[in-house]
Amino acid sequence: MSEMPDPIKNPEIQFTKIFINNEYVDSVSGKTFPVYNPATEEKVADVQEGDKADVDKAVAAARAAFKLGSPWRTMDASQRGRLMQKLADLIERDRVYLASLEVVDNGKPFADAYDADLGEVINVIRYYAGWCDKICGKTIPADGPMFCYTRHEPVGVCGQIIPWNYPLSMFTWKIGPALACGNTIVMKPAEQTPLSALYMGKLFMEAGFPPGVVNVVPGYGPTAGAAIAEHMDVDKVAFTGSTEIGRIVQQAAGKSNLKRVTLELGGKSPVIVFADSDIDFAVANCHHALFWNMGQNCCAGSRTFVEEAIYDEFVKRSIERAKNRKVGDGFQSGVEQGPQVNQEQFEKILGLIESGKQEGAKLGCGGKRTGEKGYFVEPTVFYDVKDEMKIAQEEIFGPVQSIIKFKSIDEAIDRANNTTYGLAAGVFTKDIDKALTIANSVQAGSVWVNCYDPGLIQAPFGGFKMSGNGRELGEYALHEYTEVKTVSQLSIIRNLYICPKSTILD
Amino acid sequence: MDASHRGVLLNRLADLMERDREYLANLETLDNGKPFSVSFATDLALSIKCYRYYAGWAGKNHGKTIPIDGDFFCYTRHEPVGVCGQIIPWNFPLLMQAWKLGPALCTGNVVVMKPAEQTPLTALYVAQLAKEAGFPPGVINMIPGYGPTAGGAIAEHPEIEKVAFTGSTEVGKIIQRSAASNLKRVTLELGGKSPNVVFADTDLDYAVEKSHFGLFFNMGQCCCAGSRIYVEDKVYDEFVRRSTERAKRRTVGNPFDPKNEQGPQIDEEQMNKIIELIESGKKEGATLNCGGDRAGDRGYFIQPTVFSDVQDGMRINNEEIFGPVQQIARFKDIDEVVERANTNTYGLAASIFTSNIDKALYMANSLRGGTVWVNTYDVFDAAAPFGGFKQSGSGRELGEYGLEAYTEVKTVTIRIPQKNA
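Rules and cut-offs
Residues numbered from 1 in each chain as written. Chains lettered and ligands numbered in written order. Predicted model: local features only at pLDDT ≥ 70, side-chain atom pairs only at ≥ 80, totals over all residues. Heavy atoms only, no water. Helix = DSSP H or I, 4+ residues; strand = E, 2+ residues; numbered from the N terminus. Rg over C-alpha atoms; globule rule 2.2 N^0.38 Å. Contact = heavy atoms within 4.5 Å. Lys, Arg positive; Asp, Glu negative; His and termini not counted. Charge placed at Lys NZ, Arg CZ, Asp CG, Glu CD. Pairing = 2+ DSSP bridges. Axes fitted to C-alpha atoms, helices over the stretch in contact; angles between N-to-C directions. Buried area = accessible area lost by both parts, 1.4 Å probe. Salt bridge = Lys/Arg side-chain N within 4 Å of Asp/Glu carboxyl O. Polar contact = N/O pair within 3.5 Å; in protein donor to acceptor, adjacent residues only side chain to side chain. UniProt positions renumbered as here; feature names shortened; annotations may be inferred. Buried < 20%, exposed > 50% of the residue type's maximum accessible area, 1.4 Å probe, protein only. Core = buried A, V, L, I, M, F, W, Y, C linked by side-chain atoms within 4.5 Å. Right-handed = clockwise from strand over helix to strand, strands pointing away. Parallel < 35°, antiparallel > 145°, perpendicular 65-115°, else oblique. Left-handed = near helix turned anticlockwise from the far one by under 90°. Nonpolar A, V, L, I, M, F, W, Y, C, P; charged D, E, K, R; others polar. Phe/Tyr/Trp six-rings, centres within 6.5 Å; stacked < 30°, edge-to-face > 60°. Lys NZ or Arg CZ within 6 Å of the ring centre and 35° of its normal.

Visitor: Is there a simple way to explain the overall build of chain B in this structure?
Guide: Looking only at helices and strands, one finds 14 helices and 16 strands in chain B. For a compact globule of 421 residues, the expected C-alpha radius of gyration is about 22 Å, and chain B comes in at 23 Å, within 12% of that figure. Seen through its principal axes, chain B has C-alpha atoms that stretch 75 × 50 × 40 Å. Taking all contacts inside chain B whose residues are at least 6 apart in sequence as the whole, residues at least 24 apart take part in 73%. Each charge class in chain B was averaged separately, 45 positive and 52 negative side chains, and the resulting centres sit 3 Å apart.

Laid out in structure tokens, this is it:
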């Protein structure tokens, strides 16, 4: 990796309007909403607030762009790929700016925004660009004199509602497969972090995407988000966020037009550390598994199960590591942890920390706010955590690690699975049987062996149980953006090259 | 190297070819003789698209996990085959190079390529671009030379794990025999004598134009040229008349002059072979409607030639001419034409012109050719597999299918304590 460039500490916020039909427009109501920098608690912009009326406009634009005979529908699949590659080139060009914008909006350290977030963004778009002309149906040897084949068509107008923890990354996880399959999009970025999504509008135009293919409507969940989920002319909704809202989205889809639904929701992912693993390696990985992105990760390793024999040493080293975690403004170099995204999250995390103290978990370090301005929380480690405690059951979404003791592998599996969530899991062991047993037994969409969250965009990601349904990334994501049509034609079909004449051919 | 990074390198190569597109097109025309307008608009475009297509496959060559009986974890790895020898022809130098390098590199193989001795120049330039793109040393090696020597060395080499050859059926057989030395995997794209069936219910002008293109494109030097045209009785005479007229209008000359549709044949050997076959056509009694001779006395130019009343036994009906010589024959009955079309040792391509949906599908299913075109000709796409039935070759290039020849499948089976579905 080449040298890290300098961030732009005061990036100019160029786009604050709603993006529809390749134009930036004001909200129908004229209302705006504020966007804050969580490191300073200061407002950085007023963004046009989209509501139902704006969503209606965006859906109409996306529908028009999807019509038979439209530039997008008649475009060669390989050409879609070329537009996407061009988009990736433009993001690469503006990488420093976009990473800086991400820091202002979300608070994450610039090095992470530049390297991890933007790196992934570019790779995801290039990955899906490569799929465009490889989305194939089948011809099928069905019974009878039939010519039978499937077309893999786009679903249509796709509503996409994304969260604030990885604003631009989440944006590309959604648009990548959707565009590769030929859909059109109405995207609602999180109200906490709309800025990078709005900038993308300019890049879509520059790359040459026809108007209406991608539309971005910033706004709130209960208004703009609900308008998308309930819309009678949206063919599919994809939502990433909390399980609580995920249920609302699914209900809205059922109440309206039975639009297809995919959900990426919360998690309380277990990491299981066996005594035969390299303890320093496990401590470092488990620390990263929880504390990465200020703990604001749907797949954070938030229940750390450690085998009895190494438990005490593991706790000791984890506390030491957490005490050394550098917290501060994302633009400062060397910072590992920025602020939480906003006041609401900040207070929720502190509340759950209190519950941990009250319910009798042992506090190894942290446990409170740090600094007086900005939503900074001290890296916190609880140990001797019991399964029934709130901190072991509820998603905290903050820098709070819970370390739990276990004795046997079967017990670890049962306790790991004893949750309504099922997003991810990690296991640290050198033993081949243990590794494969855990991998096969844990109810989680992603299982990481001797690593955590490697960020593999070629591999599908998604939840068991109430962590969601459907898969994103990899080839599997394409299934969610494809509508299969079977065409069966009665015809004079022979497999031999000579066949008796038929009256139909006269 | 991450598989996806191989894709980044292939895309970079495509970018560089785009940068040097005009130069490459000029070099291609200088070496091969095809009109510059075609080198630029077709050969370069398709070559670049091919690299981009295979760039997109890098990181997507999935193996499987398989639910076998017993307490096992079973999966396949799709590994590269290894060192691949690739021997390419002179008719589409850059494109044939792309068809070979694309799938081989995206799947992680390394390559020893021998471009045709008639047309090595663009291949060597592309090797330099590959270096500029960042391919590590030794991944792509380019050795110009002759078939019996350099080509033979590749086909027989004990440490080459696979050979891919595009060229004549005659040499393809030699390659296959040589490969037996160490059982290297073999894929072949060979010759053809592809049938083009024109029914009476089709738009005749359109069929004439497409059939003309299907034969005369690239100076007739296309493995899949539509070189046996079967025209339904009812419209036969008119088809012959219009095809002759069209051939007479075909402009032949300096390929750098934009007004010319047809350049020279590749070399003297080919030119002589074509003229010899034209003579056989005359001798065996086919009707010569136009052309039939060399054009001019400098450069290997041949007059666009149209034979009609071609009989199945004639040499011009059975042997690959690889020149601007069109054969038109008459048919009455659909089953008759299917049998005549398929009675041939080749099986590379075929086409049908008809407006009837049942005829179209019946013919498409009955004709023994790796690629069948309906109401068109010579439509190529990096995503659609291409290859021959019978002695037109074995294996398929392009599309996802093109990855198979460059993939060695390894099955791994690991014992586990307990299998659960």
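Visitor: What exactly am I supposed to notice about the sheet that holds strand β15 (residues 393–394) of chain B here?
Guide: Backbone hydrogen bonds hold the strands of a sheet together, and the pairing may be parallel or antiparallel. Residue and element names in this part refer to chain B. Read from one edge of the open sheet, six strands run β5-β4-β3-β6-β7-β15, paired in mixed fashion. Bordering the open sheet on either side are β5 (140–142) and β15, each of which pairs with just one other strand. In this structure, strand β3 (residues 83–87) lies alongside strand β6 (residues 162–166), joined through four bridges in parallel fashion. Opposite Q86, over in β6, you have A164 as the bridge partner. Along the sheet, helix α6 (residues 147–156) makes contact with β3, β4 (110–114) and β6, crossing β4 at roughly 165°.

Visitor: Teacher, can you tell me more about the interface of chain A and chain B here?
Guide: Frequently, the measure chosen for interface size is the accessible area removed from exposure when the parts meet. Counting residues at the interface gives 29 residues for chain A, matched by 30 residues for chain B. Of the roughly 2600 Å² buried where chain A meets chain B, counting both sides, 59% is carbon and sulfur surface. Scanning the region where chain A abuts chain B turns up one salt bridge. Here R415 of chain B makes a salt bridge to D433 of chain A, at a shortest N to O gap of 3.5 Å. Across the chain A-chain B interface, the total number found is four residue pairs in polar contact (both at pLDDT 80 or more).

Visitor: How should I be thinking about the environment of F382 of chain A in this particular structure?
Guide: Residue and element names in this part refer to chain A. Here F382 lies in strand β15 (residues 380–383). Considered as a pair, F382 and G360 are 22 residues apart in the sequence and their alpha carbons are 9.7 Å apart. Those residues in contact with F382 that sit more than four places away from it in its chain are I353, G356, K357, A361, K362, L363, I391, V400, Q401, S402 and I403.

Visitor: Where do I start with the UniProt feature "domain: Aldehyde dehydrogenase" (unreviewed entry) in chain A in this structure?
Guide: Those residues carrying the UniProt feature "domain: Aldehyde dehydrogenase" (unreviewed entry) are residues 24–487 of chain A in this numbering. Measuring from the first to the last C-alpha atom of residues 24–487 of chain A gives 41 Å, for a span that is 41% helix and 20% strand.

Visitor: Is there a simple way to explain the sheet that holds strand β2 (residues 72–80) of chain B in this structure?
Guide: Taken in spatial order, the three strands make up an open sheet running β1-β2-β16 (chain B), and their pairing is antiparallel. Looking along the sheet, the strands with just one partner apiece sit at the ends: β1 (65–66) and β16 (407–415) of chain B.

Visitor: For this particular structure, what's the right way to read the UniProt feature "active site" (unreviewed entry) in chain B?
Guide: All names here are of chain B. Per the UniProt record, "active site" (unreviewed entry) is annotated on E189. Among the structural elements, E189 can be located in strand β7 (residues 185–189). Residues within four places of E189 in sequence aside, it is in contact with F165, T166, G167, L348, F386, G387, G388, S392, G395, R396 and E397.

Visitor: I tried to follow the UniProt feature "active site" (unreviewed entry) in chain A on my own but got confused; where do I start?
Guide: All names here are of chain A. According to UniProt, the "active site" (unreviewed entry) feature falls on E264. Its location among the elements puts E264 in strand β11 (residues 260–264). When sequence neighbours within four positions are dropped, the list of residues in contact with E264 reads F239, T240, G241, L423, F461, G462, G463, S467, G470, R471 and E472.

Visitor: For this particular structure, what's the right way to read the pattern of salt bridges?
Guide: For side chains bearing opposite charge, pairing can occur when the charged atoms are close. Scanning the entire structure with this criterion turns up 60 salt bridges over all chains. Salt bridges sharing common partners tie together D205, E238, R241, R242, E245 and R249 of chain B.

Visitor: Sorry if this is basic, but what is going on with unusual backbone geometry here?
Guide: When glycine is set aside, most residues are seen to have a negative phi, and most peptide bonds are trans. One non-glycine residue, N22 of chain A, lies in the positive phi region at around 60°. Note on placement: N22 of chain A falls in the loop between β1 (18–20) and β2 (23–25). The class for N22 of chain A is buried, based on a relative accessible area of 17%. A positive phi angle, close to 50°, is found at K390 of chain B, a residue other than glycine. Among the structural elements, K390 of chain B can be located in the loop between β14 (371–374) and β15.

Visitor: Is there a simple way to explain the nonpolar core in this structure?
Guide: Residues L87, I91, Y128, F171, L179 and F209 of chain A together with F135 of chain B are the most contacted members of the largest nonpolar core, which totals 171 residues. Filtering out sequence-adjacent residues up to four positions away, L179 of chain A remains in contact with W72, R80, M84, I185, F204, F209, V213 and V214 of chain A. Grouped together as the second largest cluster of nonpolar side chains are 27 residues, F274, A392, I404 and F406 of chain A included.

Visitor: Help me out: how do you make sense of the pairing of strand β9 (residues 228–232) of chain B in this one?
Guide: Along any regular strand the residues' side chains alternate between the sheet's two faces. Residue and element names in this part refer to chain B. In terms of burial, β9 is largely enclosed, as five of its five residues are buried. Of the two faces of β9, both are covered, the one formed by R228, Y230 and E232 as well as the one formed by I229 and V231. Where strand β8 (residues 195–198) meets β9, four bridges bridge the pair, whose relative direction is parallel. The partner of V198 across the bridge, within β9, is V231. What joins β8 to β9 is helix α8 (residues 204–216), and the crossover it makes is right-handed. One ladder, built from four bridges, connects β9 with strand β12 (residues 325–331); its direction is parallel. Each bridged residue has a counterpart across the sheet, and for I229 the counterpart in β12 is I328.

Visitor: Sorry if this is basic, but what is going on with the packing of helix α1 (residues 3–19) of chain B against helix α3 (residues 36–57) of chain B here?
Guide: Any two packed helices are characterised by the angle at which their axes cross and by the distance between the axes. Residue and element names in this part refer to chain B. Remark: α1 packs on α3, axes separated minimally by 8 Å, with the N-to-C direction vectors making an angle of 165°. Taken together, the axes of α1 and α3 are roughly antiparallel relative to one another. Of the two elements, α1 crosses α3, and the hand of that crossing is left-handed. Contacts between α1 and α3 involve G7, L10, N11, L13, A14, D15, M17 and E18 on the former and, on the latter, L44, S47, I48, Y51, R52, Y54 and A55. Across the contact of α1 with α3, the residue classes tally to nine nonpolar, three polar and three charged.

Visitor: I keep staring at the packing of aromatic side chains and nothing clicks. Help me out?
Guide: Here the distance between the centres and the angle between the planes together describe a pair of aromatic rings. In total, this model carries 33 aromatic pairs over all chains according to the counting rule given. Relative to F209 of chain A, the ring of W72 of chain A lies with its centre 5.9 Å away and its plane at 45°, an arrangement referred to as tilted. Remark: F209 of chain A occurs in the loop between α7 (195–207) and β9 (214–216) and W72 of chain A occurs in helix α2 (residues 71–74); sequence separation between them is 137 residues. The pair W72 of chain A / F209 of chain A is uniform in exposure class, with both members buried. Centroid distance F171 of chain A to F204 of chain A: 6.2 Å. Interplanar angle 45°. Geometry classified as tilted. You can see F171 of chain A sitting in helix α6 (residues 167–180) and its partner F204 of chain A sitting in helix α7, a full 33 residues away along the chain. In this structure F204 of chain A comes out as buried when scored by relative accessible area, which is 1%. Aromatic rings pair up to connect F15, F19, Y24, Y97 and Y199 of chain A into one cluster. When the ring centre of Y114 of chain A is taken as origin, the NZ or CZ atom of R95 of chain A, which lies over that ring, is 4.4 Å away. Here the basic side chain of K60 of chain B rests over the ring of Y127 of chain A, its NZ or CZ set 4.1 Å away from the ring centre.

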